[in-house]
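# Understanding the architecture of this molecule
Below, each chain spelled out in residue letters.
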Amino acid sequence: MPTLADSPFLAAARGEKPSHTPVWFMRQAGRSLPEYRAAREGVAMLESCMTPELIVEITLQPVRRYGVDAAIFFSDIVLPLKAVGVDLDIKPGVGPVVADPVETLADVAAIPDLTPDDVPFITRAVQELVGELGATPLIGFAGAPFTVASYLVEGGPSKEHARTKAMMFGAPDVWDALMAKIGGIAAAFLEVQVAAGASAIQLFDSWAGALTPRDYREFVMPHSAAVLDRVGRLGVPRIHFGVGTGSLLPLMGEAGADVVGVDWRMPLDQAVPLVGDRAVQGNLDPTLVFAPTEVMTARAAEVIEAGRSARGHIFNLGHGVIPSTDPDQLARLTEFVQGYPIG
């Protein structure tokens, strides 16, 4: 009977040879699944992220349907802030909205640190999931400091990140304090998940692509590195993913990840030399699942072949599953990747 020790996902993440190319999908826990929409009906996003029964059910749904090689913990990047008392909500069609944006050192100091007592529902959900998943590893989840900081400073989603960068450049003392605060919360949130049984973690930096390499190195990288360093002491593989981060890949690898996620804009064979001696994750364009199956699988084969030059390769989309995706097409993609000759 297979065990976690036999996991192709964990083998690839550690740079070992897996039995097949492992595959999972960002935002696989929900988004396009009718069973997800049924489970969430009438339940607000943050409420669902704080209800153990829903967390467990939604996390398991794509594993049941697709047979993917890893489960991703169902949560949201602002959930830890909500758990420590920040006044925020996720508004449908908008995203996270913060009632009182952070502007001063006093605002930063008012944000409590996160402890396991703030998130007992996370511990319970992870423990239940690990029992249900058996030989399938659970990936823990947290938002990276820059992305979460941007929500707090802007008060919600932003395309320009103008207020965020204004603080970064014009009030570096406030910025540094805020990033250290959020980094500590993210690390503690991940530690809770690993302590409860998660086998790996992914740090999501959704907005890091808005930065130049110089600014990323100076203002962001030390804080992401601190999170990854703390989690690294727990001995689990760490994945670091950002959107639009082709120019930042060397730095994101340098920040300490075991696996660097690559979005679809950067050809994987070009990304591999940039990340150092690390595994890569990715990176099929999420829209290719809308193409004819033979087109999708031909492109998937190219991604798998490109990944062979890396220390390890975990197949994924180059960003999250698009909500209107046909689940049957993702099932075909999973079957194709898992059946592709390992070489």
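As a starting point, this report considers the structure included with it. In this text, all values refer to a predicted model and were calculated from it rather than measured experimentally.

### Regarding helix α4 (residues 52-66)
For α4, which comprises 15 residues, the first-to-last C-alpha distance of 22 Å matches the rise-based estimate of 21 Å (1.5 Å per residue) to within 8%. Where α4 bends most, the angle comes to about 30°, and this point is Leu60, followed within four residues by the proline Pro62. Most of α4 sits out of view: 11 of its 15 residues are buried. Taken residue by residue, α4 has Pro52, Leu54, Ile55, Val56, Ile58, Thr59, Leu60, Gln61, Pro62, Val63 and Tyr66 as its buried positions. Looking at the buried side of α4, the elements it contacts are α2 (34-40), α3 (45-48), β1 (71-72), α7 (120-133), β4 (138-143) and α15 (327-339). Where α4 ends, the next residue or the one after it, Gly67, has phi of about 70°, a positive value.

### A few points about the sheet that holds strand β7 (residues 259-261)
Pairing in this open sheet of seven strands is parallel, and the strands run β1-β4-β5-β6-β7-β8-β9 from one edge to the other. The sheet terminates laterally at β1 and β9 (313-317), the two strands that pair on one side only.

### A few points about the side chain of Arg238
As for its position among the elements, Arg238 is in strand β6 (residues 238-242). In this structure Arg238 touches Ile201, Leu228, Asp229, Val231, Gly232, Gly256, Ala257, Asp258 and Val259, once residues within four positions along its chain are discounted.

### Thoughts on the pairing of strand β8 (residues 279-284)
Most of β8 is tucked away: six of the six residues are buried. Examined bridge by bridge, β7 and β8 share three bridges and lie parallel to one another. Each bridged residue has a counterpart across the sheet, and for Val260 the counterpart in β8 is Val280. When β8 meets β9, the two strands line up parallel, connected through five bridges. Bridged to Asn283 within β9 is Asn316. The parallel pair β8 and β9, bridged by helix α14 (residues 293-307), forms a crossover whose chirality is right-handed.

### Re the packing of aromatic side chains
This structure, assessed with the given rule, holds eight aromatic pairs. Residues Phe25 and Tyr66 carry aromatic rings whose centres are separated by 6.3 Å and whose planes lie at 85° to one another, so their mutual orientation is edge-to-face. Note that Phe25 is positioned in the loop between α1 (8-13) and α2 and Tyr66 in helix α4, a separation of 41 residues in sequence. Under the relative-accessibility criterion, Tyr66 is labelled buried at 8%. When the centroid spacing of 6.3 Å and the interplanar angle of 65° are considered together, the rings of Tyr151 and Trp207 count as edge-to-face. One end of the pair, Tyr151, is in helix α8 (residues 145-154); the other, Trp207, is in the loop between β5 (200-205) and α11 (213-232), with 56 residues separating them in the sequence.

### What to know about the nonpolar core
Counting 129 residues, the largest nonpolar core has Leu178 and Leu333 as its most contacted members. Considering each element in turn, this core owes the most residues, 14 residues, to helix α10 (residues 172-196). Excluding residues within four positions of it along the chain, Leu178 makes contact with Val102, Val108, Ile111, Ala149, Leu152, Val153 and Met167.

### Focus on the pattern of salt bridges
Tallied over the full model, the rule gives 13 salt bridges. In this structure, the salt-bridge partner of Arg238 is Asp258, at a minimum N-O distance of 2.9 Å. On the criterion of sequence distance, the pair formed by Arg238 in strand β6 and Asp258 in the loop between α12 (249-254) and β7 is long-range, its members being 20 residues apart. Judged by its relative accessible area of 14%, Arg238 is buried. Taking the relative accessible area as the measure of exposure, Asp258 reaches 26% and is therefore partly exposed. Across the pair Glu305 and Arg308 runs a salt bridge whose closest N-O atoms are separated by 3.0 Å. Taking the relative accessible area as the measure of exposure, Glu305 reaches 39% and is therefore partly exposed. Taken together, the salt bridges that share partners define one network made up of Glu53, Arg124 and Glu128.

### Overview of the pairing of β6
Counting buried positions over the five residues of β6 gives five, a clear majority of the element. Because side chains alternate across β6, one face comprises the buried residues Arg238, His240 and Gly242, and the other comprises Ile239 and Phe241, equally buried. Bridging between β5 and β6 involves five bridges; their strand directions are parallel. Following the sheet pairing, Phe204 is matched in β6 by Phe241. The handedness of the β5 to β6 crossover, carried by α11, is right-handed. The pairing of β6 with β7 spans three bridges and is classified as parallel. Note that in β7 the partner of His240 across the bridge is Val260. Handedness of the crossover is the feature at issue here: the chain leaves β6, passes through α12, returns alongside β7, and the resulting connection is right-handed.

Reading the values: rules and limits
Residues numbered from 1 in each chain as written. Predicted model: local features only at pLDDT ≥ 70, side-chain atom pairs only at ≥ 80, totals over all residues. Heavy atoms only, no water. Helix = DSSP H or I, 4+ residues; strand = E, 2+ residues; numbered from the N terminus. Expected span 1.5 Å × (residues − 1). Bend = angle between axes of the 7 residues up to and from the residue. Buried < 20%, exposed > 50% of the residue type's maximum accessible area, 1.4 Å probe, protein only. Contact = heavy atoms within 4.5 Å. Pairing = 2+ DSSP bridges. Right-handed = clockwise from strand over helix to strand, strands pointing away. Phe/Tyr/Trp six-rings, centres within 6.5 Å; stacked < 30°, edge-to-face > 60°. Core = buried A, V, L, I, M, F, W, Y, C linked by side-chain atoms within 4.5 Å. Salt bridge = Lys/Arg side-chain N within 4 Å of Asp/Glu carboxyl O.

Any functional reading would require information beyond the geometric quantities listed.
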